[in-house]
Amino acid sequence: MENKASAIVMKPNDSVATVVEEVQAGSDVLLEVNGATRTVHVTQRIPFGHKFALKDIAKGEMVIKYGEAIGAATQDIQIGQHVHVHNVESCRGRGDKQAK
Amino acid sequence: MEFMGYRRSDGSVGIRNHVLVMPTVVCANRVARGIAQNVQGAVWFEHQHGCSQIGADAALTEKILLQHGTHPNVSGVVVVGLGCETIRAQDIAAEIKRQCPYKTVHCVIMQDEGGSFKAIAAGSSAAQKMLMEASLLEREPINASELILGTECGGSDACSGMSANPALGYASDLLIDAGGTVILAETPELIGAEHLVAARAVNEQVAKRCYEVIQQREDGAKAMGVDMRGGNPTPGNIEGGLTTIEEKSLGCVYKGGTRPLQDVIDYGDKITKKGLIWMDTPGNDIEQLTAMVAGGCHIVVFTTGRGTATGSPIAPTVKIATNTAMYEKMNDNMDGNAGTVITGEETIQQVGQRIFDEILRVASGKRTKAELLGQNDFSISRIGPSM
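Procedures and definitions
Residues numbered from 1 in each chain as written. Chains lettered and ligands numbered in written order. Predicted model: local features only at pLDDT ≥ 70, side-chain atom pairs only at ≥ 80, totals over all residues. Helix = DSSP H or I, 4+ residues; strand = E, 2+ residues; numbered from the N terminus. Buried ≥ 20, exposed ≤ 12 C-beta atoms within 10 Å, placed from the backbone. Contact = placed C-beta atoms within 7 Å. Core = buried A, V, L, I, M, F, W, Y, C linked by C-beta atoms within 7 Å. Domains from an automatic or database assignment. Pairing = 2+ DSSP bridges. Axes fitted to C-alpha atoms, helices over the stretch in contact; angles between N-to-C directions. Parallel < 35°, antiparallel > 145°, perpendicular 65-115°, else oblique. Left-handed = near helix turned anticlockwise from the far one by under 90°. Nonpolar A, V, L, I, M, F, W, Y, C, P; charged D, E, K, R; others polar. Arc of directions from axis to C-beta.

1. Brief notes about the overall build of chain A
The helix and strand tally for chain A stands at zero helices and 10 strands. For chain A, the N- to C-terminal ordering of α and β elements is β-β-β-β-β-β-β-β-β-β. Judged by the C-alpha coordinates and their principal axes, chain A covers about 50 × 25 × 20 Å. Taking all 100 residues of chain A together, the buried fraction comes to 39%. Counting contacts in chain A only where the partners sit at least 6 residues apart, residues at least 24 apart contribute 49% of the total.

2. Quick look at the nonpolar core
All names here are of chain B. Core analysis: the largest hydrophobic core is formed by 142 residues, its most contacted members being Val21, Ile35, Val80 and Ile183. Among the elements that make up this core, the one with the highest residue count is helix H6 (residues 164-177) (eight residues). There are two domains that each give this core at least three residues, and those are domain 1 (18-134) and domain 2 (144-372). Not counting chain neighbours up to four residues away, the residues in contact with Val80 comprise Val21, Met22, Pro23, Ala28, Val31, Ala32, Ile35, Ala89, Val108, Ala119 and Gly123.

3. Structural notes on the sheet that holds strand E10 (residues 261-265) of chain B
Residues and elements named next belong to chain B. A sheet is described by the order of its strands in space; here seven strands give the open sequence E10-E11-E9-E8-E12-E13-E14, paired in parallel fashion. The open sheet has two edge strands with one neighbour each: E10 and strand E14 (336-337). With two bridges connecting them, strand E13 (residues 317-321) and E14 associate as parallel partners. By the bridge assignment, Ala321 is partnered in E14 with Asn337.

4. A short note on the environment of Asp76(A)
Looking at where Asp76(A) falls in the secondary structure, it is placed in the loop between strand E8 (68-73) and strand E9 (82-83). For Asp76(A) and Lys59(A), which are 17 residues apart along the polypeptide, the C-alpha to C-alpha distance reads 4.5 Å.

5. Considerations on the packing of helix H1 (residues 29-38) of chain B against helix H5 (residues 116-134) of chain B
Each pair of packed helices can be described by the angle between their axes along with the distance between the axes. Residue and element names in this part refer to chain B. Put simply, H1 and H5 touch, their axes get as near as 8 Å, and they point 45° apart. In terms of orientation, H1 and H5 fall into the oblique class. Handedness of the H1/H5 crossing: right-handed. Facing Arg30, Val31, Gly34, Ile35 and Asn38 of H1, the residues of H5 in contact are Ser116, Ala119, Ile120, Gly123, Ser124 and Ala127. A per-class count over the contact of H1 with H5 returns five nonpolar, five polar and one charged.

6. So, the domain arrangement of chain B
Often, the extent of an interface is quoted as the loss of accessible area on bringing the components together. Residues and elements named next belong to chain B. In terms of domains, chain B is made up of domain 1 (18-134) and domain 2 (144-372). Computed over C-alpha atoms, the centres of domain 1 and domain 2 are 29 Å apart. The interface is formed by 13 residues belonging to domain 1 together with 11 residues belonging to domain 2. Counting residues per element, the ones that place at least two in the side of domain 1 that touches domain 2 are strand E3 (18-23), strand E4 (43-44) and helix H2 (55-69). Counting residues per element, the side of domain 1 that touches domain 2 draws most heavily on H2, at five residues. Tallied by class, residues from the side of domain 1 that touches domain 2 come to seven nonpolar, five polar and one charged.

7. Quick look at the interface of chain B and chain A
Chain B puts 27 residues into the contact, and the matching count from chain A is 23 residues. Put simply, the parts of the chain that give the side of chain B that touches chain A at least two residues each are helix H8 (204-223) and helix H10 (245-252) of chain B. Of the residues contributing to the side of chain B that touches chain A, the split by class is 13 nonpolar, seven polar and seven charged.

8. So, helix H3 (residues 89-99) of chain B
One turn of the α-helix equals 3.6 residues, which is why residues spaced by three or four share an orientation. All names here are of chain B. Listed as buried for H3 are Ala89, Ile92, Ala93 and Ile96. Each buried residue of H3 lies within a common arc of 100° when the element is viewed along its axis, so the set occupies one face. Lining the buried residues of H3 we find H2, strand E5 (74-81) and strand E6 (104-109).

Structure representation (structure tokens):
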């Protein structure tokens, strides 16, 4: 199943793409990065505006969007998987991680 | 590049001729509303403040109220007080008149007038006269360099950073290149993007301030002992695809454009410099809107992905949708659509130019959806306890 041009990659070194229409699990999504097109097999349903991984991301690794770190992976994330609050945490404003 | 505005006798420029009915204390809200509803065309706001406040907290409330009264979009002010409050209506009224002799200012104090009905009657008569005077003023061509634009995003989604915010950034650059002023604010929504703004600071001091205000806001979040996620990004932001504050901030920062950062100023401080200015405010939409308008923003462009109705009582608030689905679904609240960037129908530059053209049209008198809906949102940040 192909789902054309339904995801946007903001910067060439980003590790995630943002979908601009809902993508069903098992879709092949066509992307444009630096003028070149590539296809990524998306393995989970991705709601409108949400992200999937463009590469395998190891637990603890920074997730990159807009060419900048948007947080750290809390578990290993495989290419094509949904990337959101269930597997990425913020590194900022973390009062819950302050020494008590 | 010009728009049609009002030149005040002190040289300042307004884009509206509002008669504002302003309570200085929560206890006067009902009377202020009664006055404004009696006189077609008057605007008002309500708030929870004005009494049992002390020190810097009382001073901040007083500053924000006063600077709504002195705002050049306002030609007349009815100041309403109860009579025994901390922030006294007669003091605010006198100070507005002292700073802006061109304005008509009237003070109504409920305890002196003899109750709500008499206070409403006195204020209504005054407001009626002010509106008749205001209707005689005429617009004239004014250079775009005199415009101060506030930028804001709220109810953000993942499209905010890809469509409406970059397009608003393009419009911000156009206004700055024309000699005007643009305000970037909502400091917590720059956490994770502060290095990008600081790199554009005109000097070391301004760059240092960028990191200081971020540190203060981040420390404030940490002091609460919880993860700030849920408060910001909000549940709606998260549903819209934003995962962390860093991601939200990196999309948010686009709306200030790409020009050098001239200064970092405090909440509601009067805006005196040209170019891009960072005002240190919370991310809370209405507290930010209120501070930017108090600082002197003539107009606010507000991008939204989830959809919001908000608008200042005295500064036209232009709402730009980040996606076409919401633009169509909440069309009675949206003034423009940037969703065409997502669908590939338009470029960021094309939408940015449309936003800039709309800014000049609204500055010249075109009414916004929020104005037609009577939005009068107003909220002041509290920085101290109630006594």
